[in-house]
Amino acid sequence: MAPVTHDLVIVANRLPVDRETLPSGRKVWRRSPGGLVTAIEPVMRTHGGGVWIGWPGGAGQKLKPFEDDGLSLVPMSMSQDEIEGHYEGFSNATLWPLYHDLVAKPEFHREWWDEYVKVNRRFAEKAAELAAKNATVWVHDYQLQLVPQMLRDLRPDLRIGFYLHIPFPPAELFQQLPWRRQLLEGLLGADLVGFQLPEAAANFVRLVRQRVGHKTHRDLVYLPDGRTVRAAAFPISIDSAGFEELARSGQVVQRAKEIREALGNPRRIFLGIDRLDYTKGIYARLRAFSELMRDGHLDVEDAVFVQVAVPSREQVEQYRILRDDIERLVGRINGDLGRIGRPAISYLHTSYPRDEMAALYRAADIMVVTPYRDGMNLVAKEYVACRVEEDGALVLSEFAGAAEELKQAWLVNPYDINGMKSALLDAYAAEPKELTRRMRAMRKTISQHDVKAWAASFMTELEDVGGHTKNPRPATRS
Ligand code: GDG
């Protein structure tokens, strides 16, 4: 029997669910944390369903398509070799550091590349099988950059969009990659290639001109077969109304109070929530905070830093090293500066349900988001959405995409520890009026540019650019 086909197909590395075993031994699906899931789920709902193709995690398990809370999900199985080569290797130890300013050193291995190609091909074949005639396929993120062209070869009738959730590096860094041309050509299979920031789109177009030799004009690329590809910025956002509603709920208000009490009702709570990733700048921020305590600017009776480090990519060596480094640092800081019942840092290596996240955002006076490089950073936006009383301070890295919009945050260079220290102190000492002025402006931005607006603008552009007959070539090109 031919499979049921769909008008909207989402292709992403991960399915938006994790397999969990209950104490009874029964296996259930649980919605997983992570930027992509948070962003895409409302999009599918507004498009009346569609189907989501992705890896459910784990090795070798072959699972049938299933429905979860109204979403049609198609699990792609991965062998142990594919997980090591495609996911842990090429995606997370080659592309991830390369696309994040070489915060860690990328490794280049030919066997990893072979697995990357193989997995991309399987995802493209599955999308080709499940897409209805003239359907729209939206491919996500750095793990699947070859899918657009592979899919176009199989199904030229489709409208194909691609969105990169992480930064796209400048040519000087990207050209280190031995497979740079293949990746660019893979992306050019899409009608629309979306990025978080205009700079990233410009990097891509420049590289296509230099490395592939296609003609370009502003944000358009002209292919020899007559197709036009557009590269543009679509800064991602959050479900602001949903977070706001959650933050106002009696249960979250109560829980925020309990969190403050459990921490000993300090004058100020600093908060960091990040996947435990070396791009997020956790180590340097904790050092900055601890130096303020050591130097007597802050006291453990007055202030505490709550750091939630969400477990991530634990099979990749650099992530294991990072975890050890951070946990050693936290131990040292608490050993040196803490008093009985009063740690300087309350460190939690775990993930939480969404309402606990909202309670933490509500409980915290100063949210500290200091990545060395980040495509957007949704945590910063979620904090703002949850500050319904228009108070609280956001200390934000200049190198997070979110800094382009949240200009009223205390913006910092995460490489400058002294600069971070003064921003933390300024935020700590800020007058309520100043906090409200800044927070009100940021809340306005977030409520106007939410995830629905993001998805709608990407989809609208995709309809416009993907007609294959539009966008006549202009007379001049660069
Ligand atoms: C990538 C890009 C870009 C985290 N811990 C828990 C939890 N989360 C949720 C947060 C937030 C999301 O995960 C994290 O998103 P970020 O944007 O902060 O970071 P990445 O995971 O690195 O995401 C990033 C994003 O994609 C989207 O395009 O912004 O630049 O790197 O939504 O709330 N959610 C729950 N429990 C947790 O413990 N429920």
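Residues numbered from 1 in each chain as written. Predicted model: local features only at pLDDT ≥ 70, side-chain atom pairs only at ≥ 80, totals over all residues. Heavy atoms only, no water.

- Taking an unreviewed UniProt entry as the reference, the protein chain is identified by name as Trehalose-6-phosphate synthase belonging to Nocardioides bizhenqiangii.
- As recorded by UniProt, the Sequence similarities (unreviewed entry) comment attached to the protein chain reads in full: "Belongs to the glycosyltransferase 20 family." (UniProt positions renumbered as here; feature names shortened; annotations may be inferred.)

Quick notes on the overall build of the protein chain
Here's step 1: Looking only at helices and strands, the protein chain has 16 helices and 18 strands in total.
Here's step 2: Against the compact-globule benchmark of 23 Å for 478 residues, the protein chain has a radius of gyration of 23 Å, which places it among compact chains.
Here's step 3: Projected onto the principal axes, the alpha-carbon positions of the protein chain cover approximately 70 × 60 × 40 Å.
Here's step 4: When each of the 478 residues of the protein chain is scored for burial, the buried share is 57%.
Here's step 5: Residue pairs in contact within the protein chain that sit at least 24 positions apart in sequence constitute 74% of those at least 6 positions apart.
Here's step 6: Where the 63 positive side-chain charges of the protein chain centre and where its 64 negative ones centre are 3 Å apart. (Helix = DSSP H or I, 4+ residues; strand = E, 2+ residues; numbered from the N terminus. Rg over C-alpha atoms; globule rule 2.2 N^0.38 Å. Buried < 20%, exposed > 50% of the residue type's maximum accessible area, 1.4 Å probe, protein only. Contact = heavy atoms within 4.5 Å. Lys, Arg positive; Asp, Glu negative; His and termini not counted. Charge placed at Lys NZ, Arg CZ, Asp CG, Glu CD.)

Some thoughts on the packing of aromatic side chains
Here's step 1: By the definition in use, this model includes 27 aromatic pairs.
Here's step 2: Note on Tyr99 and Phe174: the rings are 6.2 Å apart at their centroids and 50° apart in plane angle, and the pair reads as tilted. You can see Tyr99 sitting in helix α2 (residues 80-99) and its partner Phe174 sitting in helix α5 (residues 171-174), a full 75 residues away along the chain.
Here's step 3: Ring centres 4.6 Å apart and planes at 35° place the aromatic pair Tyr372 and Tyr415 in the tilted group. In this pair, Tyr372 is assigned in the loop between β16 (366-369) and α13 (378-386) and Tyr415 in the loop between β18 (410-412) and α14 (417-429), connecting sequence segments 43 residues apart.
Here's step 4: Its relative accessible area of 16% is what places Tyr372 among the buried residues.
Here's step 5: Three or more aromatic residues link up through ring pairs in this structure, and these residues are Tyr99, Phe168, Phe174, Phe195 and Phe204.
Here's step 6: Here the basic side chain of Arg19 rests over the ring of Trp29, its NZ or CZ set 4.6 Å away from the ring centre. (Phe/Tyr/Trp six-rings, centres within 6.5 Å; stacked < 30°, edge-to-face > 60°. Lys NZ or Arg CZ within 6 Å of the ring centre and 35° of its normal.)

Description of the layout of surface pockets
Here's step 1: Computed from the structure, the second largest pocket encloses a volume of approximately 350 Å³.
Here's step 2: The wall of the second largest pocket is formed by 22 residues, among which Pro167, Leu197, Glu199, Ala200 and Arg373 lie closest to the centre.
Here's step 3: When residues in the lining of the second largest pocket are grouped by element, the largest group, 4 residues, is from helix α7 (residues 198-212). (1 Å grid on protein atoms, 1.4 Å probe; cavity = no way out; pocket = protein on both sides within 12 Å on 5 of 7 lines; lining within 4 Å. Points joined across faces, edges and corners; volume = space filled by probe spheres on them.)

Some thoughts on helix α12 (residues 354-363)
Here's step 1: Burial runs high along α12: 8 of the 10 residues are buried.
Here's step 2: Turning to α12, its buried residues number three or more, namely Glu356, Met357, Ala358, Ala359, Leu360, Tyr361, Arg362 and Ala363.
Here's step 3: In this structure, the buried residues of α12 make contact with α8 (240-248), α9 (250-262), β13 (268-275), β14 (303-310), β16 and α13.

A few points about the sheet that holds strand β7 (residues 131-140)
Here's step 1: The 10 strands lie next to each other as β5-β6-β4-β1-β7-β8-β9-β12-β11-β10, forming an open sheet whose pairing is mixed. The open sheet is flanked by β5 (66-68) and β10 (215-217), the only strands paired with a single partner. Within the sheet, the average angular offset between the axes of one strand and its neighbour, ignoring direction, is 25°.
Here's step 2: Direction of pairing for β7 relative to strand β8 (residues 159-163): parallel, over a ladder of 5 bridges. When the bridges of β8 are listed, Val139 appears paired with Phe162.
Here's step 3: Taken strand by strand, helix α4 (residues 147-154) contacts β7 and β8, and its axis lies near 170° from that of β8. (Pairing = 2+ DSSP bridges. Axes fitted to C-alpha atoms, helices over the stretch in contact; angles between N-to-C directions.)

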